[in-house]
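Here's the letter readout for the chains.
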Amino acid sequence: AAKEAGRANHQFFTPELNKRASERMWLESNLRHALADNELELHFQPQFAVDGRRLVGAEGLLRWRRRDGTMIPPGQFIPVAEDTGLIQPIGDWVLGEACRRAADLLARGHPLLIAINLSAVQLRRPGLADRVAFWLDAYKVPARCLELEVTESVLMDESDMVSNTFARLREMGVALAIDDFGTGYSSLSYLKRFRVDKLKIDRSFVTSLTDGSDGGAIAEAIIGMARSLRMQTLAEGVETEEQFGGLARLGCDQIQGYLLGRPMPYDDFVAFIARHADAPEAVG
Ligand code: C2E
Ligand code: MG
Ligand code: MG
Ligand code: MG
């Protein structure tokens, strides 16, 4: 360990880490203005019921479009937003934007379920359920049109804050999903305590369905467990018909991935819906 620490210390001064540090400083100072300057966008990736390949919803995914046109992916700036506290105003914007779009879809006759990602940081602070209630009311969106995705780490939080917030959201009728399921600590007792509606099977297990590694044993286990706990399953990152077929055979409920649609700007998503003319009955 001492040897490792020594190496890490040494590496701290390499140009590579200097570059990373200055990139981070750039992100920090520019992210502050991104919101005010309208540089954030919510893109939408369609979600389908396996049964009949019916369009049932979409996941809102955050994008930062710089004025020069370059796109910064969320994996790069969300961690910075979390460390600086900027995740609070940014997360609130995402919530409002999701409700605004859900209302517009309703007005167009498409009652789709819109899912967004929540950072653990947002759940540890008081007031999240109030903000959800505020935005739903502001755009007159029924709670059943909104789904909130959290990662497993959130469930391990011992504080009452998270469980109280979950309870309030459930009471309101907002759906809750566990994102990237299977990659963190997945304990049955957590799932019982928090009672979520949906497990999103991580892309890595979808990949291993067809790459010969475990033949989908983990995906199968997750689907079986979800069924016995009366939760839905959605497989993420489905890229091939072979994966789709495998998941359908295992009884997976829903599918999201490049095979059926990439994340796209809102206007493109509206056009996408029009091409899938079968009236969606997501949250009737
Ligand atoms: P996630 O919530 O697990 O989202 C799925 C990611 O997989 C997205 O990356 C999506 O573009 C990508 N993806 C979807 N289908 C496929 C596929 O078939 N193949 C492959 N290779 N990838 C696929 P993205 O948009 O870069 O987002 C990355 C992560 O950033 C998200 O993972 C989520 O954890 C986080 N994130 C995105 N938007 C927000 C947000 O508004 N708030 C917070 N707190 N986090 C966000
Ligand atoms: Mg997600
Ligand atoms: Mg995910
Ligand atoms: Mg992820």
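In the nomenclature of an unreviewed UniProt entry, the protein chain is known as EAL domain-containing protein of Azospirillum formosense.

(A) Representation of the overall build of the protein chain. Across its full length, the protein chain holds 13 helices and nine strands. What you see for the protein chain is a C-alpha radius of gyration of 20 Å, in line with the 19 Å of a compact globule of 284 residues. Once the C-alpha set of the protein chain is aligned to its principal axes, its extents read approximately 55 × 45 × 40 Å. Counting all 284 residues of the protein chain, 45% fall into the buried class. For the protein chain, long-range pairs separated by at least 24 residues make up 68% of all intrachain contacts whose partners lie at least 6 apart in sequence. Accessible surface for the protein chain amounts to roughly 14,300 Å². Of this, 51% is attributable to carbon and sulfur atoms. Averaging the positions of the 33 positive and the 40 negative side-chain charges in the protein chain gives two centres separated by 2 Å.

(B) Broad picture of the site of ligand 1. In the neighbourhood of ligand 1, 22 residues make up the surrounding shell, with Arg63, Asn117, Asp179, Glu239 and Tyr258 lying closest. One of the backbone N or O atoms of Leu62 is found 3.1 Å from a nitrogen atom in ligand 1. Between ligand 1 and Tyr258 there is a distance of 2.8 Å, counted from an oxygen atom to a backbone nitrogen or oxygen. Look at ligand 1: alone it shows 800 Å² of surface, and the protein chains cover 80% of it. Going through the elements one at a time, strand 2 (54-65), helix 3 (74-84) and strand 6 (175-181) are the ones with two or more residues in the shell around ligand 1. Top element by residues in the shell around ligand 1 is strand 2. It accounts for four residues.

(C) The arrangement of the pairing of strand 1 (residues 40-49) in detail. Of all ten residues that make up strand 1, nine are buried, and the element is covered over most of its length. Bridging between strand 1 and strand 2 involves ten bridges; their strand directions are antiparallel. For Leu42, the partnering residue across the bridge sits in strand 2 and is Leu62. Between strand 1 and strand 2, which follow one another and run antiparallel, lie four residues, and Gly52 among them has a positive phi close to 75°.

(D) Focus on the coordination of the magnesium ion (ligand 2). Bound to the magnesium ion (ligand 2) are the protein donor atoms Glu59 (OE), Asn117 (OD1), Glu149 (OE) and Asp179 (OD), situated 2.0 to 2.2 Å from the metal. The distance between the magnesium ion (ligand 2) and the magnesium ion (ligand 3) comes to 4.0 Å, with Asp179 serving as a donor to both metals. Residue Glu149 is found in strand 5 (residues 146-151), and its partner Asp179 is found in strand 6; the two are separated by 30 residues along the sequence. Taken as a pair, Glu149 and Asp179 share a single burial class, namely buried.

(E) Fine view of the nonpolar core. Ranked by internal contacts, the top residues of the largest apolar core, which has 78 residues, are Leu31, Val132, Leu148, Phe166, Leu199 and Phe269. By residue number, the principal contributor to this core is helix 4 (residues 87-107), which donates nine residues. With residues up to four places along the chain from it excluded, the contact list for Phe269 reads Phe44, Pro46, Gly57, Ala58, Leu105, Leu112 and Met264.

(F) Main features of the packing of aromatic side chains. Considering all chains together, one arrives at nine aromatic pairs under this definition. Summarising the aromatic geometry, the rings of Phe134 and Trp135 are spaced 5.0 Å apart at their centres and angled 75° between planes, so their arrangement reads as edge-to-face. The class of Trp135 is buried, set by a relative accessible area of 17%. Seen from their ring centres, Trp135 and Tyr139 are 6.1 Å apart, and the 10° between their planes marks the pair as stacked. Given a relative accessible area of 29%, Tyr139 falls into the partly exposed group. Taken together, the aromatic side chains of Phe44, Phe48, Tyr266, Phe269 and Phe272 make up a single cluster linked through ring pairs. Above the face of the Phe134 ring, Arg131 is positioned so that its terminal group lies 4.5 Å from the ring centre. Over the aromatic face of Tyr258 sits the side chain of Arg262, whose NZ or CZ is 3.8 Å from the ring centroid.

(G) Spotlight on unusual backbone geometry. The phi angle at Arg53 is positive, at roughly 50°, despite the residue not being glycine. Look at Arg53 and you get partly exposed, because its relative accessible area is 33%. Although it is not a glycine, Lys140 sits at a positive phi angle of roughly 55°. Within the secondary structure, Lys140 sits in the loop between helix 6 (128-138) and strand 5. We classify Lys140 as exposed; its relative accessible area is 61%.

Rules and cut-offs
- Residues numbered from 1 in each chain as written.
- Chains lettered and ligands numbered in written order.
- Predicted model: local features only at pLDDT ≥ 70, side-chain atom pairs only at ≥ 80, totals over all residues.
- Heavy atoms only, no water.
- Helix = DSSP H or I, 4+ residues; strand = E, 2+ residues; numbered from the N terminus.
- Rg over C-alpha atoms; globule rule 2.2 N^0.38 Å.
- Buried < 20%, exposed > 50% of the residue type's maximum accessible area, 1.4 Å probe, protein only.
- Contact = heavy atoms within 4.5 Å.
- Areas by Shrake-Rupley, 256 points an atom, 1.4 Å probe, with all protein chains shown as cover.
- Lys, Arg positive; Asp, Glu negative; His and termini not counted.
- Charge placed at Lys NZ, Arg CZ, Asp CG, Glu CD.
- Near = heavy atom within 4 Å.
- Polar contact = N/O pair within 3.5 Å; in protein donor to acceptor, adjacent residues only side chain to side chain.
- Pairing = 2+ DSSP bridges.
- Donors = N, O, S within 2.8 Å, 3.2 Å for Na, K, Ca; no water.
- Core = buried A, V, L, I, M, F, W, Y, C linked by side-chain atoms within 4.5 Å.
- Phe/Tyr/Trp six-rings, centres within 6.5 Å; stacked < 30°, edge-to-face > 60°.
- Lys NZ or Arg CZ within 6 Å of the ring centre and 35° of its normal.

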